[in-house]
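Residue strings, one per chain:
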Amino acid sequence: MSSSGTRGTASDTGGTQRGDTRPGSDPAAAGSGLRTAAGILTAGFALGAAELVAAPIGSGSAPLTALGGTVVDHTPDSVREWVIGLVGTNDKLVLFILMAAVAVIVAAFAGRIEQSRRPAGSVLFAVFGLAAAGIAVTRPGASWTWALPSVIGVGLAIVVLRGLTRRIEAYESKVADREGEIASGAAVSASPEGATEAARSASAASGPATAGDEVGSGAMTSGSSAEIDRRGLMRALVGVGALAAAAGVAGRFIGSKLHSVSAERATVQLPVAPSPEPPIDPAADLRIPGLTPYLTANRNFYRIDTALTVPQVSTETWTLRVHGMVDREIRLGYADLKARRPIERLVTLTCVSNPVGGDLVGNARWLGYSLADLLAEAGPHPDADMVLSRSVDGFTAGSPLATLTDGRDAMLAIGMNGEPLPIEHGYPVRLVVPGLYGYVSATKWVTDIEITRFDRAQAYWTQRGWSERGPIKTGTRIDTPKDGASVGGNRISVAGVAWAQHRGINAVEVQIDDGPWQSARLAAEPTIDTWRQWVYDWTPTAGTHTLRARATDGTGQVQTAVVQDVVPDGATGYPSVTVRVG
């Protein structure tokens, strides 16, 4: 009796220890987790496949890039400026992370609602795919082929999701059958008939199997089958994830090889300006620890633009058209531009999004060609007052015609600090205009210049409520000591940079707490078109102190104390830092 009873119990125990069929397991819960994973991995597969399809077409046609560009174009200024103030030049990375998070949530939901008889998740995928395709074909420079990455990627993803869903449902069915068999076996063993059957079996230990043995054996078979299905399903999910990653990486790699101009840029020989900028006066750089160098290295130069992926423009295909309210339309290729007389100038650029005391400002040595000369050749009409420059990615900037032709060295730049323009800074050609914020002048990858009027055209940021003209305001920044620093010593160098491009800096003053304004020592000023370093030698007292700075430009105008946000034409106010001495 003992032998027979033990055999029946062992059969039941063995059956319930296999795979996901443990006693108390929830088939629905197990399946929902797999469905969520299937949705997310399928979305990854869609994006990876789309990247691969986008490789020969252009990176801008990839769904995330096209959607991201549209988000950038329609993000409220307050949100955009808040993000830039929070993460600085990492704003594009943050946008991609947020889009990926949304994609994961939508994909997880799609996976959970997908069924073999009711493909709700597939429909959701299709809606998003068609929307992405529609958005892609409306992007600047797009053609109908830009819809292909989204359509093909989502189409393949739906096939994958349908296949995974069928396998998940088969697995769920077998787990449910196993649970039913276990419950049925338990009911048989607990009934009087089951007990009588067990007693009869005791008289012949080597006799035929009992009803309980038959149920246990069936449960073992179902459990083994469910375990096999589970393993196969997990392999399928891993395979989809691996394919998604491989397709995405391959797409980016192939796209880079097909479209990258890095190799071309490395071969570009810059011309030598007949009248190059003289060597920088050593006295222009005070070389104080913590103080920003006079020249900003290319790798450290700030980058703020609307391009989610850096345009790859070859010198072989680059052209510039000058047209509109002119006597003569002009078209130039890169070779035509290089045949002109080059100029070299030191110019500090400033972003209008730079907060008071911010770092969205940089100084470089630029090599290029006079924009004023080119405009003069075109012959602007007397009533024209605006130069609308356009980038290859569709960005536009509206510059006052009078500013570009007043004698300042506005240029079509091809070189930066002795190198061809870095690709992310506008290679092969960009605009550089001293004294104007970048949003109205510093068009990268420029391909079109239209002479028009401010009452007939609006540029990218003007359409979004920013000022039309954008002259740079007098500003300064305290580089050292840093805000919140603990400092010591009998003498502390309070140092920074000040700028008022095309007006120059005549003075910088520092205020300690609420004391009087005291003059700082200025570095040499090679040109009024760049920033100027300054330092104040402070003999501190112990305790916590607030330091402020203000600049006076070359016209005698003192930097305003009025606090204003960056919108609509640049921030104002005094920069300040709080430090603890002792």
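Look up a bit, the structure's there.
Just so you know, the residues in each chain are numbered from 1, in the order the chain's sequence is written. Predicted model: local features are reported for residues with pLDDT of at least 70 only, side-chain atom pairs are reported and counted for 80 or more only, and whole-chain, interface and lining totals are derived from all residues. Side-chain metrics rest on all non-hydrogen atoms present in the structure, leaving aside hydrogens and water.

Trainee: I would appreciate a short explanation of the nonpolar core in the present structure.
Mentor: If you look at soluble globular proteins, the nonpolar side chains tend to sit buried side by side. The set of buried Ala, Val, Leu, Ile, Met, Phe, Trp, Tyr and Cys residues whose side-chain atoms join them within 4.5 Å is what this entry labels a nonpolar core. Accessible area is worked out with a 1.4 Å probe on protein chains only. A residue is then buried under 20% of its type maximum, exposed over 50%, and partly exposed in between. Counting 81 residues, the largest nonpolar core has Trp366, Leu412 and Ile449 as its most contacted members. Strands here mean DSSP runs of E at least two residues long; helices mean DSSP runs of H or I at least four residues long; both are numbered from the N terminus. The element best represented in this core is strand 7 (residues 411-416), accounting for five residues.

Trainee: Whenever I open this one, helix 6 (residues 120-136) confuses me. Can you help?
Mentor: Working note: α-helix, 3.6 residues per turn, so residues spaced by three or four point in the same direction. Over its 17 residues, helix 6 extends 24 Å from the first C-alpha to the last, a length consistent with the 24 Å expected when each residue adds 1.5 Å. The set of residues buried in helix 6 consists of Gly121, Ser122, Phe125, Gly129, Ala132, Ala133 and Ala136. Take helix 6 and look down its axis: the buried residues cluster within an arc of 105°, on one side only. One less than the number of residues in a helix, times 1.5 Å, gives the span that helix is expected to have. The arc in question is formed by the directions pointing from the helix axis toward the C-beta atoms.

Trainee: Looking at this structure, I do not really get helix 3 (residues 63-74). What am I missing?
Mentor: Taking 1.5 Å as the rise per residue, helix 3 with 12 residues should run 16 Å; its terminal C-alpha atoms sit 17 Å apart, in good agreement. By the burial criterion, the buried members of helix 3 are Pro63, Thr65, Ala66, Gly68, Gly69, Val72 and Asp73.

Trainee: Quick question: what am I supposed to make of the pattern of salt bridges here?
Mentor: Close approach of charged atoms allows side chains with opposite charge to pair. Each reported salt bridge corresponds to a side-chain nitrogen of Lys or Arg within 4 Å of a carboxyl oxygen of Asp or Glu. Per the counting criterion, the structure on display carries 23 salt bridges. With its nearest N and O atoms 3.1 Å apart, the salt bridge here joins Glu172 to Arg35. Taken together, the residues span a long stretch of sequence, with Glu172 in helix 7 (residues 148-190) and Arg35 in helix 2 (residues 27-57) at a distance of 137 residues. Here Glu172 matches Arg35 in class, with each residue buried. With a shortest N-O distance of 3.5 Å, Asp305 and Lys92 are connected by a salt bridge. Of this pair, Asp305 sits in the loop between helix 10 (262-267) and strand 1 (319-324) while Lys92 sits in helix 5 (residues 91-113), placing them 213 residues apart in sequence.

Trainee: I'm lost on the sheet that holds strand 1 in this one. Help?
Mentor: For sheets, the rule is that strands pair by backbone hydrogen bonds, running either parallel or antiparallel. For two strands to pair, DSSP has to find at least two bridges joining them. Reading across from one edge, 2-1-10-5-6 is the order of the five strands in this open sheet, with mixed pairing throughout. Looking at strand neighbours, the two that pair on one side only are strand 2 (330-333) and strand 6 (396-400), the edges of this open sheet. Averaged over all pairs of adjacent strands, the angle between their axes in this sheet comes to 15°, without regard to strand direction. As paired strands, strand 5 (residues 386-391) and strand 6 are joined by five bridges and run antiparallel to one another. If you follow Met386 over to strand 6, its bridge partner there is Pro400. When checking whether two residues touch, look at their non-hydrogen atoms; a contact exists if any pair is within 4.5 Å. As a rule, the C-alpha atoms of each element are fitted with a line to give its axis, helices using only the stretch in contact, and angles between N-to-C directions run from 0 to 180 degrees. Relative to the sheet, helix 12 (residues 371-378) contacts strand 1, strand 2, strand 5 and strand 10 (446-452), its axis offset from that of strand 2 by approximately 140°.

Trainee: How should I be thinking about the sheet that holds strand 13 (residues 492-499) in this particular structure?
Mentor: Strand order across the open sheet formed by four strands is 11-13-17-16, with antiparallel pairing between neighbours. Among the strands making up the open sheet, the edge pair consists of strand 11 (475-480) and strand 16 (521-522). Relative to strand 17 (residues 532-538), strand 13 is paired through seven bridges, and the arrangement is antiparallel. Each residue of the ladder has a partner; that of Ser493, found in strand 17, is Asp537.

Trainee: Before we go on, may I ask you to explain the packing of aromatic side chains in this structure?
Mentor: Note on aromatic pairs: each is described by the distance of the centres and the angle between the planes. Two rings from Phe, Tyr or Trp (for Trp, the six-membered ring) form a pair when their centres are within 6.5 Å of each other. A pair whose planes differ by under 30 degrees is stacked, one over 60 is edge-to-face, and the rest are tilted. What the rule picks out here adds up to eight aromatic pairs. Geometrically, the ring pair formed by Phe301 and Trp366 is edge-to-face, given 5.9 Å between the ring centres and 85° between the ring planes. Here Phe301 is found in the loop between helix 10 and strand 1, whereas its partner Trp366 is found in strand 4 (residues 361-370), with 65 residues between them in sequence. As far as the burial class goes, Phe301 and Trp366 line up, both buried. Centre to centre, the rings of Tyr460 and Trp461 are 4.8 Å apart; their planes meet at 80°, and the pair counts as edge-to-face. This pair shows no difference in class: Tyr460 is buried, exactly as Trp461 is. By way of ring pairs, the aromatic residues Phe395, Tyr439, Tyr460, Trp461 and Trp466 are connected into one cluster. Two conditions define a charge sitting above a ring: the NZ of Lys or the CZ of Arg must be within 6 Å of the ring centre, and it must be within 35 degrees of the ring normal. When the ring centre of Tyr460 is taken as origin, the NZ or CZ atom of Arg464, which lies over that ring, is 3.7 Å away.

Trainee: Please clarify how the environment of Asn363 should be interpreted in this entry.
Mentor: Inspection of the secondary structure assignment puts Asn363 in strand 4. For Asn363, a relative accessible area of 0% puts it in the buried group. Note: C-alpha distance between Asn363 and Thr530 (167 residues apart in sequence) is 6.5 Å. Here a polar contact is taken to be a pair of N or O atoms separated by no more than 3.5 Å, where protein atoms must pair a possible hydrogen donor with a possible acceptor and residues adjacent in sequence count only if both atoms sit in side chains. Of the polar contacts made by the side chain of Asn363, one reaches the backbone oxygen of Tyr294; its length is 2.9 Å.

Trainee: Even after reading the chapter, I still don't get unusual backbone geometry, so can you show me in this structure?
Mentor: The phi torsion of most residues other than glycine is negative, and most of the peptide bonds are trans. Residue Pro428 is bonded to the preceding Tyr427 through a cis peptide linkage, with omega at 10°. With an omega dihedral of 10°, the bond running from Val567 to Pro568 counts as a cis peptide bond. Assignment of secondary structure puts Pro568 in the loop between strand 18 (543-553) and strand 19 (576-581). Unusually for a residue other than glycine, Trp445 sits at a positive phi of about 50°. Tracing the backbone through its elements, the reader meets Trp445 in the loop between strand 9 (430-432) and strand 10. Overall, the relative accessible area of 2% leaves Trp445 in the buried class. Backbone geometry at His502 places phi at a positive 70°, although glycine is not the residue there. Relative to the elements of secondary structure, His502 occurs in the loop between strand 13 and strand 14 (505-512).

Trainee: Sorry, what's going on with the pairing of strand 18 here?
Mentor: Where a strand is regular, its side chains alternate between the two sheet faces. In this sheet, strand 18 lies alongside strand 14 in antiparallel orientation, the contact comprising seven bridges. Counterpart to Gln511 in the pairing with strand 18 is Arg548. The pairing of strand 18 with strand 19 spans six bridges and is antiparallel. Within strand 19, the position partnered with Thr544 by the bridge is Arg580.

Trainee: I tried to follow a nonpolar patch on the surface on my own but got confused; where do I start?
Mentor: Patch construction takes residues with relative accessible area above 30% that form no salt bridge. Like charges are linked within 9 Å, and nonpolar side chains (Val, Leu, Ile, Met, Phe, Trp, Tyr) are linked within 5 Å. Note that accessible areas follow from Shrake-Rupley with a 1.4 Å probe, and for residues the cover is restricted to the protein chains shown. On the surface, Leu52, Phe253, Ile254 and Leu258 cluster together to form a nonpolar patch covering roughly 370 Å² of accessible area. Inspection of the secondary structure puts Leu52 in helix 2.

Trainee: Sorry if this is basic, but what is going on with the packing of helix 3 against helix 6 here?
Mentor: Relative placement of two packed helices is described by the angle separating their axes and the distance separating the axes. Contact pair helix 3 / helix 6: the axes reach a minimum separation of 9 Å and the direction vectors enclose 65°. Classified by the angle between their axes, helix 3 and helix 6 sit roughly perpendicular to one another. The interaxial crossing formed by helix 3 with helix 6 has left-handed handedness. For the pair formed by helix 3 and helix 6, the contact residues are Pro63, Ala66, Leu67 and Thr70 on the first element and Ala132, Ile135 and Ala136 on the second. Residues are grouped as follows: Ala, Val, Leu, Ile, Met, Phe, Trp, Tyr, Cys and Pro are nonpolar; Asp, Glu, Lys and Arg are charged; all remaining types, including Gly, are polar. Taken together, the residues of the contact of helix 3 with helix 6 break down into six nonpolar, one polar and no charged. In this scheme, roughly parallel covers angles under 35 degrees and roughly antiparallel covers those over 145, while 65 to 115 is roughly perpendicular and the rest are oblique. Helix crossings fall into two classes, left-handed where the near helix is turned counterclockwise from the far one by less than a right angle and right-handed where it is turned clockwise.

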